[in-house]
Amino acid sequence: MSVEQLTGYLRKLRSSSGAYQSRGLNLDSSGLNFTPEASQRPCEAVKVKLAHYAVDVEETREASAVSPARYEYEYTLISVTSHKTGPQDGRVPDTAPPESTACRGTVSVVYLGKDIPLESLPYNLRLIDATAPLPVEVDGDGVLSAIYVSPVGVESC
């Protein structure tokens, strides 16, 4: 199966959780999770890549009475690892996103094929004061799932 065909197949896998439009292969705060419906399960393990990127945040304009603070951020690759998922359900160990810190969040991307260039990562992130991961869109042919964890205490950057 080509990378394009495998990507299409894995993107269409629905989760056995029953949640509306939930995917059978996704990232969450605990890492890579594989729980597809039994009728769509692959016959053998699928090898995917997982990339973690640091999102370094810097305040470029302080908040005023008429405008909010402005921030810029820059990506740095932390790591790229390969993992096998399936055919059994479960969480893939050691795939959780790195902890966020003051002024540094993370974007994690699970994908197939070529590595994701920094230009493909989202540049419309919302800087929120929460550590719960948010799904984000990452441009790329083999991208299966991506999440963003905002830095804590953004106002101190």
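To be clear, the structure that these remarks concern was listed above.
To start, this report covers the structure provided alongside it. (Residues numbered from 1 in each chain as written. Predicted model: local features only at pLDDT ≥ 70, side-chain atom pairs only at ≥ 80, totals over all residues. Heavy atoms only, no water.)

1. What to know about the side chain of serine 145
Item 1. Along the chain, serine 145 falls in strand S8 (residues 143-149).
Item 2. Within polar-contact distance, the side chain of serine 145 engages the backbone nitrogen of leucine 27 at 3.2 Å.
Item 3. Among all residues touching serine 145, those that are not within four sequence positions of it are Leu25, Asn26, Leu27, Ser108, Val109 and Val110. (Helix = DSSP H or I, 4+ residues; strand = E, 2+ residues; numbered from the N terminus. Polar contact = N/O pair within 3.5 Å; in protein donor to acceptor, adjacent residues only side chain to side chain. Contact = heavy atoms within 4.5 Å.)

2. Focus on the pairing of strand S3 (residues 46-61)
Item 1. As paired strands, S3 and strand S4 (residues 70-85) are joined by 15 bridges and run antiparallel to one another. Opposite alanine 54, over in S4, you have threonine 76 as the bridge partner.
Item 2. In terms of strand pairing, S3 meets strand S6 (residues 104-111) through eight bridges, oriented antiparallel. Bridge assignment links valine 55 to a residue of S6, and that residue is glycine 105. (Pairing = 2+ DSSP bridges.)

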